[in-house]
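Residue-level listing of the chains:
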Amino acid sequence: GRTGKLVVQELLKANHPVRLLVRDRTKLPDELLNNPAVECVVASITSLSDDQLEEYIKGCSTVVSCLGRNPTFSDTYKGPKLITNSTERIHNIAERMNQSSTTTPTTRYILMNGALTLNKDEGESSTWAHWFLTKLLKALMPPFRDNLDAAEFLRSHPNTPGFEWSVVRPGQLIDKSEVSEYTMTKSPACSLPEATSRINVADAMRRLVTSDECWEQWKGKMPVVFDAKKK
């Protein structure tokens, strides 16, 4: 998707090699496909066995998920819980890898989610406006419930020696060409999401991948990323 491409570009700017799992490589720009630091695997995660997925996870310090659904009726309304199921599989595979070998490093997992997702560990509660909006989206957009369930699965599974996670919660996604000032906080300051540019989400995820200090700050948490308000 659009945000996923930006995450890859930000990681490459930081000289970080990337292994991509994509459903359609024709949607990627040539500058990514021809980059020697990029390994492109064409497959749908739902079509991979656990053993195949494990082979792609091996050698990766961090798994970044920007999973989305195709804009078709069948994929949107009849498909499986794509994000939740994939998150559970990656968690279980990482745990299995760690248990089978004491030398296997911890797998870090970053899930892109949304600011409407509540983090009960931080005491976040629903306002009337938030309750109404989430109720409406759950009814009209099954993928929204999938996002909520994936974040709740991680929240209910604390970090272990084999698997650590962070859930990035941007607001209403907008497009900008360059990284700008943004905030990264443990909870939203308002009941409804503010705007977040995709490039800022990508930069926040890049920091989580490349900075141990940033990871230690946000592992096991759900940082909210909003564009800084103009002064």
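Residues numbered from 1 in each chain as written. Predicted model: local features only at pLDDT ≥ 70, side-chain atom pairs only at ≥ 80, totals over all residues. Heavy atoms only, no water.

**Section: the environment of Lys230**
And then number 1: Tracing the backbone shows Lys230 in the segment after strand 9 (224–227).
And then number 2: Accessibility expressed as a relative area gives 85% for Lys230, which makes it exposed.
And then number 3: Residues Lys230 and Tyr109, 121 residues apart in the sequence, show an inter-C-alpha distance of 32 Å. (Helix = DSSP H or I, 4+ residues; strand = E, 2+ residues; numbered from the N terminus. Buried < 20%, exposed > 50% of the residue type's maximum accessible area, 1.4 Å probe, protein only.)

**Side note on the pattern of salt bridges**
Two side chains that carry opposite charge are able to pair once their charged atoms sit near each other.
And then number 1: Tallied over the entire structure, the rule returns 20 salt bridges.
And then number 2: When the shortest N-O distance is used, the salt bridge between Arg2 and Asp175 registers 3.2 Å. Here Asp175 lies in the loop between strand 6 (172–174) and strand 7 (182–185) and Arg2 lies in helix 1 (residues 2–13), a separation of 173 residues in the sequence.
And then number 3: On the basis of relative accessibility, which here comes to 52%, the residue Arg2 falls in the exposed class.
And then number 4: For Asp175, a relative accessible area of 52% gives the class exposed.
And then number 5: Across the salt bridge formed by Asp212 and Arg108, the nearest N and O atoms sit 3.2 Å from each other. Of the two residues, Asp212 sits in helix 9 (residues 212–218) while Arg108 sits in strand 4 (residues 107–112), which places them 104 residues apart along the sequence. (Salt bridge = Lys/Arg side-chain N within 4 Å of Asp/Glu carboxyl O.)

**A closer look at the packing of helix 3 (residues 50–57) against helix 5 (residues 82–100)**
And then number 1: Helix 5 packs onto helix 3 with a crossing angle of 70° between their chain directions and a minimal axis gap of 10 Å. In terms of their interaxial angle, helix 3 and helix 5 are classed as roughly perpendicular. Of the residues in helix 5, those in contact with Asp50, Asp51, Leu53, Glu54 and Ile57 of helix 3 are Arg89, Ile90, Ile93, Arg96 and Met97.
And then number 2: Partitioned by chemical class, the residues of the contact of helix 3 with helix 5 number five nonpolar, no polar and five charged. (Axes fitted to C-alpha atoms, helices over the stretch in contact; angles between N-to-C directions. Parallel < 35°, antiparallel > 145°, perpendicular 65-115°, else oblique. Contact = heavy atoms within 4.5 Å. Nonpolar A, V, L, I, M, F, W, Y, C, P; charged D, E, K, R; others polar.)

**Some words on the pairing of strand 1 (residues 18–22)**
And then number 1: Here strand 1 shows a clear split, with Val18, Leu20 and Val22 buried on one side and none of Arg19 and Leu21 buried on the other.
And then number 2: As paired strands, strand 1 and strand 2 (residues 38–42) are joined by five bridges and run parallel to one another. In the strand pairing of strand 2, Val18 is matched with Val38. (Pairing = 2+ DSSP bridges.)

**Describing the nonpolar core**
And then number 1: Of all hydrophobic cores here, the largest spans 27 residues; its most connected members are Leu20, Ile110, Val168, Met205 and Leu208.
And then number 2: Elements that contribute at least two residues to this core include exactly helix 1, strand 1, strand 4, strand 7, helix 8 (198–210) and helix 9.
And then number 3: For this core, the element with the highest residue contribution is helix 8, accounting for seven residues.
And then number 4: If near-sequence neighbours (up to four positions away) are discounted, Met205 is found in contact with Val7, Val64, Ser65, Cys66, Ile110, Met112 and Val168. (Core = buried A, V, L, I, M, F, W, Y, C linked by side-chain atoms within 4.5 Å.)

**Here's the deal with unusual backbone geometry**
And then number 1: One non-glycine residue, Asn15, lies in the positive phi region at around 60°.
And then number 2: Relative to the assigned elements, Asn15 resides in the loop between helix 1 and strand 1.
And then number 3: In this structure Asn15 comes out as exposed when scored by relative accessible area, which is 72%.

**Considering the side chain of Arg155**
And then number 1: Relative to the helices and strands, Arg155 resides in helix 7 (residues 142–155).
And then number 2: Here Glu152 takes part through its side chain, which lies 2.8 Å from a polar atom of the side chain of Arg155. (Polar contact = N/O pair within 3.5 Å; in protein donor to acceptor, adjacent residues only side chain to side chain.)

**Focus: the environment of Arg198**
And then number 1: As for its position among the elements, Arg198 is in helix 8.
And then number 2: In this structure, the C-alpha to C-alpha distance between Arg198 and Lys5, residues 193 residues apart in sequence, is 9.9 Å.
And then number 3: Not counting residues up to four positions away in its chain, the partners in contact with Arg198 are Arg2, Thr3, Leu6, Leu173, Ile174 and Asp175.
And then number 4: A distance of 3.5 Å separates polar atoms of two side chains, one belonging to Arg198 and the other to Thr3.

**Structural notes on the environment of Leu82**
And then number 1: For Leu82, the location among the structural elements is in helix 5.
And then number 2: Given a relative accessible area of 10%, Leu82 falls into the buried group.
And then number 3: The sequence separation of Leu82 and Thr46 amounts to 36 residues, and the corresponding C-alpha distance is 7.6 Å.

**Side note on helix 8**
And then number 1: Its 13 residues place the ends of helix 8 18 Å apart at the C-alpha level, agreeing with the 18 Å of an ideal helix rising 1.5 Å per residue.
And then number 2: Burial analysis of helix 8 places 10 of its 13 residues in the buried class, the great majority of the element.
And then number 3: Listing the buried residues of helix 8 in full gives Arg198, Ile199, Asn200, Val201, Ala202, Asp203, Ala204, Met205, Leu208 and Val209. (Expected span 1.5 Å × (residues − 1).)

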